[in-house]
Amino acid sequence: MTAGLQPFLSDAVAVLRAPTQVWSRPDGEIGAGAIDGVFHGDTRFVRATRVRYGTDAATHHAPEWISRSMDSASDARFEALLRRLDDRTPDPKIRLTRRRLVADGRMTEEFTLVSHLEERVDLTLEVTVTPDATPMQLVKSGADGDASIERTLSGDAVELTAGEASMRLLASGAEVTEAGDDLILTWRVTCPPRSSVTVSWRVDLDDPSLVVRGTTRQVDWALEPVEGIDPRLFRWLRQALDDLDALRLTLPGNPDEFFAAGAPWFFTLFGRDSLWAARLFLSVDPGMAASTLRVLGRLQGSNADPATAEQPGKIAHELRAGTLTMPGEGISLPPLYYGTVDATPLWITLLAEAHGAGMPEAEVRDLLPTMHDALDWVIASANADGFLDYVDETGHGLSNQGWKDSGDSIQWRDGTLANGPIALSEVQGYAYEAAVRAADLLDALGEDGAERLRSWAADLRDRFRERFWVETPEGRYPAIALDRDGRPVDTLTSNAGHLLGTGILDRDEERAVADLLVGPSMSSGFGLRTMSTDAGGYWPLSYHGGSVWAHDTAIVARGMARAGLAHQSRVLVGGMLAAAGAFAYRMPELHAGDAASDVSVPAPYPAACRPQAWSAAAAVVCHEILTAPR
């Protein structure tokens, strides 16, 4: 196995229906990019495909691909012209449409030959398929896999197995032959005059070790256009709702759905990501919030285990089929990992908000024991200074356990890394909001315990105001965190924006923070930067140190709107709309933080996932903000 570099994704095309996904080049061919392949769960089953045609077995030409279109997240078309068959005029009269359909555990490709000629066309169409069995984590690290694949040919079908995983390839009407590692599918096609003919092949994929499953529930998510609203919003919304539909997953044996975090690496349950996606999506379908809460509630921690970071009452971070290792990064995570400091308060707040959005009272009451255990964890986890913090106790877990979980995300203004344990500013806001919202929920349900929670929250609010605020040449604002010595880490970052609308800041503080965040050092014109341009560590293509994340911008814009700061909120929404068109309205995980005054479109972050659930759900927040009464 040879290690390499993490694949770039920005020029690839994804067609998906979780937990199955296909990545290719813009012309539909698979194999030229390191990410390319047919994936199911955590395994790549096909590494490459190649299409050729000719008038006889000895003549092979590549189609000249001219366009692609996406009918849905799961249905793509690639158009080509076939030359060297009809060269009597400058306009070739034979075209080929490649349609790729992805379902849970299946990929189908249909090739339709359309001829405008007056005479019959006879040709050979050939598809070369290279099977694979590389684990997703090796693909992500750029490493080569070396799994052994067994195959059995039987007419136009092939059975392939690698360990427990299996793939059945069926190419109806084709001759299937072997050429080294490759399978050659060959159709001899006759197209009548001015007519068309279609051939197809498919793969059925199975991996019994998967810990997630697709869903068969049909949804009808739609938001009606509003007169006078920017038309870009609805293009983004249509794409986002379609992608979110395709990102739905369940756990084996249970119908409750949740959003997979994103493609290609995160087709699984993530506590923070799935909660935020469901929360941003709440106005469209409160049922997704309810089911996400139940799924995570069933996995709530019950024991203290430093190896998995599990603690009683804690909400999980991520679920995998096996240990997740990241070659070159020194990270090795157990299959069920609890290394997150924010998922637990976010779970509590979402339960309260879901109740307000119409989640049936009986379902809410069923989750009250989970809520009480989560509250106990929040309160008991406060350090000696009364703040929630984190530290990786294993040496091979996540060193940072908030949403900015890269190793260099918590920096001083001079670019120096802060030492942990780390107490993040936004997590204190989440904890405050969770306690207050839980207290309101208990009152609404006639339950005891609200005053204890409000008292704890009020004390946290006072401590936060005393310890977190800093003053630098950029102004006065909440630090990103307190370090191990309790010192406020003084960089201006988007984390401060997550405090807006939580209640931990007063109205004047909220306005001061909001004004800084829409200023030129933080607002790129294409969304909110993760870090100020005045910070020593700023770099527009840094994962968490200057890039723009759609969900981060949406959370802050939502907080501004809740705080009554409509103008500032719309500034950020305008930036997101300006960015969305550059990505064909399928917003990636993140993009570069370059200023809109310097570039006409935002540069992609080359390794950004897309679609990403919380980036897609950001469109819903933008819709809420732009359609709210002024």
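So, here's what we can say about the structure. (Residues numbered from 1 in each chain as written. Predicted model: local features only at pLDDT ≥ 70, side-chain atom pairs only at ≥ 80, totals over all residues. Heavy atoms only, no water.)

1. Observations regarding the overall build of the protein
Helices and strands together make up the secondary structure of the protein, namely 13 helices and 26 strands. In summary, the protein has a C-alpha radius of gyration of 26 Å against a globular reference of 25 Å for 630 residues, a match within 12%. In terms of overall dimensions, the protein has a C-alpha envelope of 85 × 50 × 50 Å along the principal axes. Counting over 630 residues, the protein shows a buried share of 58%. (Helix = DSSP H or I, 4+ residues; strand = E, 2+ residues; numbered from the N terminus. Rg over C-alpha atoms; globule rule 2.2 N^0.38 Å. Buried < 20%, exposed > 50% of the residue type's maximum accessible area, 1.4 Å probe, protein only.)

2. Concerning the layout of surface pockets
One number sums up the size of the largest pocket: a volume of about 720 Å³. What lines the largest pocket is a set of 32 residues, among which Lys140, Glu329, Asp405, Ser406 and Tyr543 lie closest to the centre. At the level of secondary structure, the elements contributing two or more residues to the lining of the largest pocket comprise helix H3 (271-280), strand E19 (324-326) and strand E20 (331-333). When its residues are assigned to classes, the lining of the largest pocket shows 16 nonpolar, 8 polar and 8 charged. (1 Å grid on protein atoms, 1.4 Å probe; cavity = no way out; pocket = protein on both sides within 12 Å on 5 of 7 lines; lining within 4 Å. Points joined across faces, edges and corners; volume = space filled by probe spheres on them. Nonpolar A, V, L, I, M, F, W, Y, C, P; charged D, E, K, R; others polar.)

3. Remarks on the nonpolar core
Among the nonpolar cores identified, the biggest contains 152 residues, and Trp236, Trp347 and Met371 are the most heavily contacted of them. It is helix H13 (residues 613-627) that provides the largest number of residues to this core, a total of 11 residues. The residues touching Trp347, leaving out its near neighbours within four places in the chain, are Leu275, Leu293, Leu296, Gly297, Ile315, Leu367, Thr370 and Met371. Val22, Val38, Val129 and Met167 belong to the second largest nonpolar core, which has 43 residues in total. (Core = buried A, V, L, I, M, F, W, Y, C linked by side-chain atoms within 4.5 Å. Contact = heavy atoms within 4.5 Å.)

4. A closer look at the sheet that holds strand E9 (residues 121-135)
Strand order in the open sheet made by the 7 strands is E1-E2-E3-E4-E9-E14-E13, with antiparallel pairing throughout. This sheet does not close on itself; its edge strands, each paired only once, are strand E1 (13-17) and strand E13 (175-179). Strand-to-strand twist across the sheet, computed as the mean angle between neighbouring axes with direction ignored, equals 20°. Where E9 and strand E14 (residues 182-191) come together, 9 bridges link them in antiparallel fashion. Following the sheet pairing, Thr124 is matched in E14 by Arg188. (Pairing = 2+ DSSP bridges. Axes fitted to C-alpha atoms, helices over the stretch in contact; angles between N-to-C directions.)

5. Some thoughts on the environment of Leu247
With respect to the helices and strands, Leu247 occurs in the loop between helix H2 (231-246) and strand E16 (248-250). For Leu247, the residues in contact, after removing those within four places along its chain, are Leu16, Ala18, Phe258, Phe259, Ala260, Gly262, Phe267, Pro611, Gln612 and Ala613.

6. Structural notes on the pairing of strand E11 (residues 157-162)
Bridge count for strand E10 (residues 150-154) against E11 is 5 bridges, and the pairing is antiparallel. Within the sheet, the bridge partner assigned to Leu153 lies in E11 and is Val158. Taken together, E10 and the strand that follows it, E11, pair antiparallel across an intervening segment of 2 residues, in which Gly155 is found at a positive phi of about 65°. For E11 and strand E12 (residues 165-170), the ladder comprises 6 bridges, and the chain directions are antiparallel. Note that in E12 the partner of Ala162 across the bridge is Ala165. Between E11 and E12, which pair antiparallel in sequence order, lie 2 residues; one of them, Gly163, sits at a positive phi of approximately 65°.

7. As for the sheet that holds strand E25 (residues 481-482)
Hydrogen bonding along the main chain pairs the strands of a sheet, whether they run parallel or antiparallel. Taking strand neighbours across the sheet as the criterion, the 3 strands line up as E22-E25-E26 in an open arrangement whose pairing is antiparallel. Two strands lie at the open edges of the sheet, namely strand E22 (423-424) and strand E26 (488-489), each paired on one side alone. With 2 bridges joining them, E22 and E25 adopt antiparallel strand pairing. Considered in E25, the bridge of Ala423 is made with Leu482.

8. Looking at empty space enclosed by the protein
Here the structure, examined in full by the defined rule, presents 5 cavities of 30 Å³ or more. In this structure, the largest cavity occupies an estimated 70 Å³ of space. Elements with a minimum of two residues in the lining of the largest cavity: H3, helix H8 (425-444) and helix H11 (550-562).

9. Overview of the packing of aromatic side chains
Inspection of the entire model under this criterion finds 11 aromatic pairs. Geometrically, the ring pair formed by Trp221 and Phe281 is edge-to-face, given 4.7 Å between the ring centres and 70° between the ring planes. Of this pair, Trp221 sits in the loop between strand E15 (196-206) and H2 while Phe281 sits in the loop between H3 and helix H4 (286-298), and the two are 60 residues apart along the sequence. By relative accessible area, which is 0% here, Phe281 ends up buried. (Phe/Tyr/Trp six-rings, centres within 6.5 Å; stacked < 30°, edge-to-face > 60°.)

10. Side note on the environment of Tyr605
Mapped onto the elements of the fold, Tyr605 is located in the loop between helix H12 (566-580) and H13. On the basis of relative accessible area, Tyr605 is assigned to the buried category, the value being 17%. In this structure the C-alpha to C-alpha distance between Tyr605 and Ile30, which are 575 residues apart in sequence, comes to 22 Å.

11. What to know about the pattern of salt bridges
The final tally for this structure, using the stated rule, is 46 salt bridges. Arg365 serves as the salt-bridge partner of Glu361, at 3.0 Å between the closest nitrogen and oxygen. Of this pair, Glu361 and Arg365 are both found in helix H6 (residues 361-366), 4 residues apart, which corresponds to roughly one turn of the helix. Since its relative accessible area comes to 31%, Arg365 is described here as partly exposed. (Salt bridge = Lys/Arg side-chain N within 4 Å of Asp/Glu carboxyl O.)

12. Description of the packing of H3 against H13
Where H3 contacts H13, the axes come no closer than 8 Å and their chain directions differ by 25°. In terms of orientation, H3 lies roughly parallel with respect to H13. Considering the relative orientation of H3 and H13, their crossing is left-handed. Along the contact surface, H3 presents Arg272, Asp273, Trp276, Ala277 and Leu280, while H13 presents Ala613, Trp614, Ala617, Ala618, Val620, Val621 and Glu624. (Parallel < 35°, antiparallel > 145°, perpendicular 65-115°, else oblique. Left-handed = near helix turned anticlockwise from the far one by under 90°.)

13. Comments concerning unusual backbone geometry
The phi torsion of most residues other than glycine is negative, and most of the peptide bonds are trans. Cis geometry is found at the peptide bond from Ala18 to Pro19, where omega equals 10°. Relative to the helices and strands, Pro19 resides in the loop between E1 and strand E2 (20-24). That bond from Gly420 to Pro421 is cis: its omega, 10°, falls within 30 degrees of zero. Here Pro421 lies in the loop between helix H7 (368-380) and E22. Although it is not a glycine, Ala309 adopts a positive phi angle of roughly 65°.

14. Brief notes about the packing of H12 against H13
Taken N-terminus to C-terminus, the directions of H12 and H13 make an angle of 135°; their axes are 10 Å apart at the nearest point. Viewed along their axes, H12 and H13 adopt a mutual orientation that is oblique. Of the two possible hands of crossing, H12 and H13 adopt the one that is left-handed. Only Ala618, Cys622, Ile625 and Leu626 of H13 make contact with H12, whose side of the interface consists of Ser569, Arg570, Val573, Met576 and Leu577.

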